[in-house]
Amino acid sequence: MEKEEKKIVNTGEEDEMEIYGYNRCHWKLVLVAIGVLCTGGFLLLLLYWMPEWRVRATCKRTTLKDCEVVLLRTTDEFRIWFCAKIRIVLSRGDNPLQNPQSIEDKVSNGHSGHSCESPAEENRNDPNKYSPVSGPVIRYFTHHSVMYFWNDAVQSFDFKKGLDESTSCSSIHNEHSKGLTKEVHVYRKVFYGVNEIAVKVPSIFKLLIKEVLNPFYIFQLFSVILWITDEYYYYALAIVIMSVISIVSSLYTIRKQYIMLHDMVAAHSIVRVSVSRANQEIEEILSTDLVPGDIMVIPSNGTIMPCDAVLVSGTCIVNESMLTGESVPVTKTNLPNPAEDPKAMGDEIYSPEVHKRHTLFCGTNVIQTRFYSGERVKAIVVRTGFSTSKGQLVRSILYPKPTDFKLYRDAYMFLLFLVVVAGVGFLYTIVNSILNEVPAHIIIIESLDIITITVPPALPAAMTAGIVYAQRRLKKIGIFCISPQRINICGQLNLVCFDKTGTLTEDGLDLWGIQRVENARFLFPEERACNESLVKSQFVACMATCHSLTKIEGVLSGDPLDLKMFEAIGWILEEATEEETALHNRIMPTVVRPPKQLLPESKPATNQEMELFELSASYEIGIVRQFPFSSALQRMCVVARVLGEKRMDAFVKGAPEVIASLCKQETVPVDFETILEDYTKQGFRVIALAHRKLESKLSWHKVQNINRDAIESNMDFMGLIIMQNKLKQETPAVLEDLHKANIRTVMVTGDNMLTAISVARDCGMILPQDKVIIAEALPPKDGRVARINWHYADTLTKCTNSSPAINSQDIPIKLVHESLEDLQLTKYHFAMNGKSFAVILEHFQDLVPKLVLHGTVFARMAPDQKTQLVEALQNVDYYVGMCGDGANDCGALKKAHGGISLSELEASVASPFTSRTPSISCVPNLIREGRAALITSFCVFKFMALYSIIQYFSVTLLYSILSNLGDFQFLFIDLAIILVVVFTMSLNPAWKELVAQRPPSGLISGQLLCSVLSQIITCLGFQTIGFIWVKQQPWYEPWTTQSDACNLSAATNTSSSQHENETLHDEHNIKNYENTTVFFISSFQYLIVAIVFSKGKPFRQPCYRNVLFVISVIVIYIFTLFIMLYPVESIDRVLELVCVPYQWRITILIIIIINAIVALLVENILLDMILWKVVFSRDKQGEYRLTIPQPPQEPLDRWRGCVLSSLFGCRKKIPKAKYMHLAQELLVDPEWPPKPRTTTEAKDPTQENGSYPIITVT
């Protein structure tokens, strides 16, 4: 069969996948069936776990066009495989947006061209069978709730997009605004299916099967069967009980999460909606029947949006808290029609993200609408189901990307190592048993048993214990976690990005004052705008009208900044009722007016401007048209009319630099930049106002359809509003704690850059002596290449000075240690805005790592740019945390290693962590708990590894004499010692403060490996000593039921002999002196390593603070010591121990004490004091790196350091983290950082590698 080249679906998307086509192969299916029978079903399990093996074992490769099964593989670092069946649906065409009239001609010759309601419905009837009815068929498959259809044009599968791609704004108004006929509606539903975000809660049986078929539980089942065969009933029963508890707990948690998500999604997923058909008929249908192109009539009393739709008429007030995290109502206006505006800048493509101010998103709450009486408020459906913004959010929760963390990769490597060790034991057991002529069935059982001993069944449960406890502790301090595996990753965070407003600073703004402009000159700042002299000024009129406030149930609500501004002037806002709107053939405007006490008594006007306002007895302003605030444009605009006036006014407010560019140059004061810089440097938020009288020919109707660009030009600059945004009280202290812990802090904000730099200095993110370099990047223009202008923030005002001299103090000094060992970061910070960041990402790829290494302030950043910044930081190996208030931070919160939302609204679903209290003090708490959980994971893993190896060696030693541990000995060790210790040693709380060093990120690190290996050697050594030494004792003889080595009293001897004579022959040879010796030594060894590995400071509280652990260890110690020194006959009988002389018991005790001393000395002296400090010392960034101690050393110490350094071969080791390596390179780079008032240019890529040569021009 011809093979085709590899195809890609979702090209360039986050879920990009390779796709391969396969057809079922009958002879392969027969072979697989035989293999399943021969392996007792194990092959079937293997194929269930490995989708690519399953497809390749049962199918043969073919072209995608003819395939029955597709094999998918993600193109990210995880390379995960999926498979899906191809399904068939009848249709009259293959393009859902194509005009059906042109399709009908193709469906002729007596065929009706039947089309089913949706693929989902067809699948219920006959999902796999081709219909006998001839006619066009559409092939598709479903993956992660998205349907992919065959596309002949690209000869591959792709998913059908709605009107959100390649649809122009003019076509939305001209072609799609007429509505769909029922026939077209049915046709489109074939492709888009049911408009529902269906989160199906799996049945308990289905979840149970899926959970039980987990490889871990299959291994446990294998172990249990093996133990029952070997008559280890009690231990097998204990493991079964543990497994059942684990499965029930897991099922309860998983099902609870499904139900929560289902309830959240299904709360308003099905509603009745009115749609406008092509014949202008209004039809009421269920929201599940909506398809892209349907025209939805928005009811006046509001609704929950069941889809994504673009407004084409009317205005809506929407609560978008589900998406943005902000409960502030947002005003949505109709999409401008380029055809009706002659000044429009061409016909642009509609995009829900770009035109979000005109888009109603699924799941958001339309609170109220405004409309013409002759025209309903209408919206065209653009996306449905899982394609909507809400659907994509739910998909990201249902199908999360795997967590990539070194700890988990190393854990699998370690398990692989244990499997190898088990393989060695397996072979040894077989060879040893054959040499000793052991029966075949016993050889099989014992050799397989060694595997179950080496890979402990309780390992996964033990590993998750620390995370579960950390999750509980986080919950107690008000931090909720929906992704527990991320807690460990938070222990590695070494950089945290903070949003500014609402995160570092208070959420609300206070009006500090205003500074008006008259005759192109700034007046003195005024504290209050609420006074009689200003009440009829254009400045106050702009403050009264240029906002998005609305009344909801009589309460004024909207953007907090707008609220503060409106409250400062003390005006009254009145909105038209539905009845008033219905009486007029146009939208009744929102009216604002000052309170009567502010209006001066009527008198002859002396000022020409004031005359305009005196034409009516009452002074009111109606807001005729509103252009909402756009983060891309950084401004908002309104058209208003004073009652009784003929000409309308346009008012604009927004970012000062943007507003100034829209104004006539002669109206902008010459000292505008100086005044603005003075305010922003002090941390004030500054908003500029502008005004323009519109032409008298502009009628009410024309204003409703005019493009905002036609209005926002030739404005008169009116002045500045100065808002104060105070730092939160806890911000400086939290940032200081993070800096002491060598955790970098970065500010990512949508605010002005100089304001952000000022706040960064105030909160301690940038120290007073540090220099700030502003990177101003400009895109290619007029034949000039892209370039970056470098300014020093403190010298911006000096740039206009004619003197070209540069003060040497303006250039930061790099403190370079001659050996480059003591890496000290240079004292400079980069700051840039979103526009510059976008240019640098596109044209200066080589500079991105250098800039993010010292980038501290990123201002005017759009939501997607925040995500790009997080990615750029992760690309240089930072473990990135992100803390935001939920508004516009969702993407970055999801992308970061540890995202924590300070908003409890539904947007926090996108964030792994949510803080109940909106304070950044949750960040150090999260990192502390993460470090404690990470260290706990290491401790547990080390302990479980030692437990496996100790028990493995015990069994191996006993196998050499054809003996083994008894059933109750295994039970005592595994239940009474191991489980109790594991689940209590994980209870250590986090250390009370953050320290400068970070825990290692993986198990495969020098210190951890040395720790484990040294304890393994110690334990094996002392077990071997006990095993060999017991044989050298004068009383030793191969044990029989008549053996008596205790020299007990006659009475005891008599009763003992009677009991022993009654005892049946010990067929497993459990009872012997070697077994008893090894059992006691190994039992104490488990407790010794538990104490040795339970480290406290600097990441966890000392183990003596862990009361349960201390009590458990003491109780087990006392009990084991008691039964060793003072044997109790009934206990000995149950544990199958034999009586040994008291002197030998004391000898065992001495061996155990020496073992404990050696273990503690090796761990705490050799490793912690010598290897840790001399070889595996850590730099300030927390990476392992060999350093030579700085203080003068004695010759012996110096020789010891050199020998150990040479031994571990890490003297000249390059740091593993890219940012560390880059920092070392930049220390010796004479061209970095860039000098003040220089420009870096990027040439077009002319070299083969496409790199951008950098030229620096002074």
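If you're wondering where the values come from, they're calculated on a predicted model, not measured in any experiment. (Residues numbered from 1 in each chain as written. Predicted model: local features only at pLDDT ≥ 70, side-chain atom pairs only at ≥ 80, totals over all residues. Heavy atoms only, no water.)

Describe the overall build of the protein chain, listing the residues and the values that go with them.
When helices and strands are counted, the protein chain shows 41 helices and 42 strands. Considering the protein chain as a whole, with its 1258 residues, one finds that 54% of them fall into the buried category. Of the contacts made within the protein chain by residues no fewer than 6 positions apart, 75% connect residues no fewer than 24 positions apart. Carbon and sulfur atoms make up 58% of the accessible area of the protein chain, which amounts to about 57,100 Å² in all. (Helix = DSSP H or I, 4+ residues; strand = E, 2+ residues; numbered from the N terminus. Buried < 20%, exposed > 50% of the residue type's maximum accessible area, 1.4 Å probe, protein only. Contact = heavy atoms within 4.5 Å. Areas by Shrake-Rupley, 256 points an atom, 1.4 Å probe, with all protein chains shown as cover.)

Break down the pattern of salt bridges for me, citing the residues and quoting the values.
Summed over all chains, the structure comprises 21 salt bridges. A salt bridge links Asp294 to Arg277, with the nearest nitrogen and oxygen atoms 3.0 Å apart. Separated by 17 residues along the polypeptide, Asp294 in the loop between β11 (282–286) and β12 (295–297) and Arg277 in the loop between β10 (272–276) and β11 bring together distant segments of the chain. For Asp294, a relative accessible area of 0% translates into the label buried. Assessed through its relative accessible area of 4%, Arg277 is described here as buried. Among the salt bridges present, the one from Arg473 reaches Glu929, with a minimum N-O distance of 2.9 Å. Taken together, the residues span a long stretch of sequence, with Arg473 in helix α15 (residues 459–476) and Glu929 in helix α32 (residues 922–959) at a distance of 456 residues. There is no split in this pair, since Arg473 and Glu929 are both buried. Through salt bridges that share partners, Glu18, Arg73 and Arg79 make up one connected network. (Salt bridge = Lys/Arg side-chain N within 4 Å of Asp/Glu carboxyl O.)

With reference to specific residues and values, describe the sheet that holds strand β22 (residues 510–518).
Each strand in a sheet pairs with its neighbour through backbone hydrogen bonds, running either in the same direction (parallel) or in the opposite one (antiparallel). Spatial ordering of the open sheet is given by β23-β22-β32-β31-β30-β29-β28-β27-β26, a layout of 9 strands whose pairing is antiparallel. Among the strands making up the open sheet, the edge pair consists of β23 (521–522) and β26 (572–574). Where strand β28 (residues 621–630) meets strand β29 (residues 635–642), 7 bridges bridge the pair, whose relative direction is antiparallel. Paired with Gly622 across the bridge in β29 is Arg641. Helix α18 (residues 538–545) contacts β22, β27 (590–593), β28, β29, β30 (649–654), β31 (684–693) and β32 (716–724) of the sheet and is inclined by roughly 60 degrees relative to β32. (Pairing = 2+ DSSP bridges. Axes fitted to C-alpha atoms, helices over the stretch in contact; angles between N-to-C directions.)

Tell me about a nonpolar patch on the surface, and name the residues and values.
A contiguous nonpolar patch, built from Met413, Leu416, Ile1004, Leu1009, Leu1013 and Ile1017 and spanning about 580 Å² of accessible area, is present on the exposed surface. Put simply, the parts of the chain that give the nonpolar patch at least two residues each are α13 (406–435) and α34 (1006–1031). Here the nonpolar patch gets 3 residues from one element, more than from any other, and that element is α34. Relative to the helices and strands, Met413 is located in helix α13. (Patch = residues over 30% accessible without salt bridge, like charges linked within 9 Å, V, L, I, M, F, W, Y side chains within 5 Å.)

Can you explain unusual backbone geometry? Please cite residues and give values.
With an omega of 5 degrees, the peptide bond between Trp1232 and Pro1233 qualifies as cis. Along the polypeptide, Pro1233 turns up in the loop between α41 (1218–1227) and β41 (1238–1242). Located in the positive-phi region is Glu1136, a residue other than glycine, with phi close to 55 degrees.

Tell me about the pairing of strand β5 (residues 81–85), residues and numbers included.
Two strands pair when backbone bridges link them, and strand β4 (residues 69–74) and β5 are joined in this way by 5 bridges, in the antiparallel orientation. Bridge pairing in β5 links Leu72 to Phe82. Counting the residues that bridge the hairpin from β4 to β5 gives 6 residues, and of these Arg79 lies at a positive phi of roughly 50 degrees.

Go over the nonpolar core, please, and point to the residues and values.
Phe943, Met944, Leu946, Ile977, Ile978, Val981 and Phe1079 are the most contacted members of the largest nonpolar core, which totals 88 residues. By residue number, the principal contributor to this core is α32, which donates 19 residues. Apart from residues lying up to four places away in sequence, Val981 is in contact with Phe943, Leu1087, Ala1090, Phe1109 and Ile1116. (Core = buried A, V, L, I, M, F, W, Y, C linked by side-chain atoms within 4.5 Å.)

Go over helix α12 (residues 389–398) with me, naming the residues and quoting the values.
At 3.6 residues per turn, the α-helix brings residues three or four places apart onto the same side. Of all the 10 residues making up α12, 7 are buried; the element is thus mostly covered by neighbouring parts of the structure. Among all positions in α12, only Ser389, Lys390, Gly391, Leu393, Val394, Arg395 and Leu398 are buried.

Requested: an account of the packing of α32 against α34, with residues and values cited.
At their nearest, the axes of α32 and α34 sit 10 Å apart, and the two run at 25 degrees to each other. It follows from the interaxial angle that α32 and α34 lie roughly parallel. For the pair α32 and α34, the sense of crossing is right-handed. Counted together, Phe938, Lys942, Leu946, Ile949, Ile950, Phe953, Ser954, Leu957 and Leu958 of α32 and Leu1008, Ser1011, Val1012, Gln1015, Ile1016, Cys1019, Leu1020, Gln1023, Thr1024 and Phe1027 of α34 form the full contact between these two elements. Of the residues in the contact of α32 with α34, the class split is 13 nonpolar, 5 polar and 1 charged. (Parallel < 35°, antiparallel > 145°, perpendicular 65-115°, else oblique. Left-handed = near helix turned anticlockwise from the far one by under 90°. Nonpolar A, V, L, I, M, F, W, Y, C, P; charged D, E, K, R; others polar.)

Outline the sheet that holds strand β16 (residues 330–333), supporting the account with residue identities and numerical values.
The strand order β13-β18-β15-β16 describes an open sheet built from 4 strands, whose pairing is antiparallel. Both outer strands of the open sheet, β13 (303–304) and β16, are each paired with one neighbouring strand and no more. Two elements, strand β15 (residues 315–319) and β16, share 4 bridges in a ladder whose sense is antiparallel. Looking at the pairing, Thr315 lines up with Thr333 of β16.

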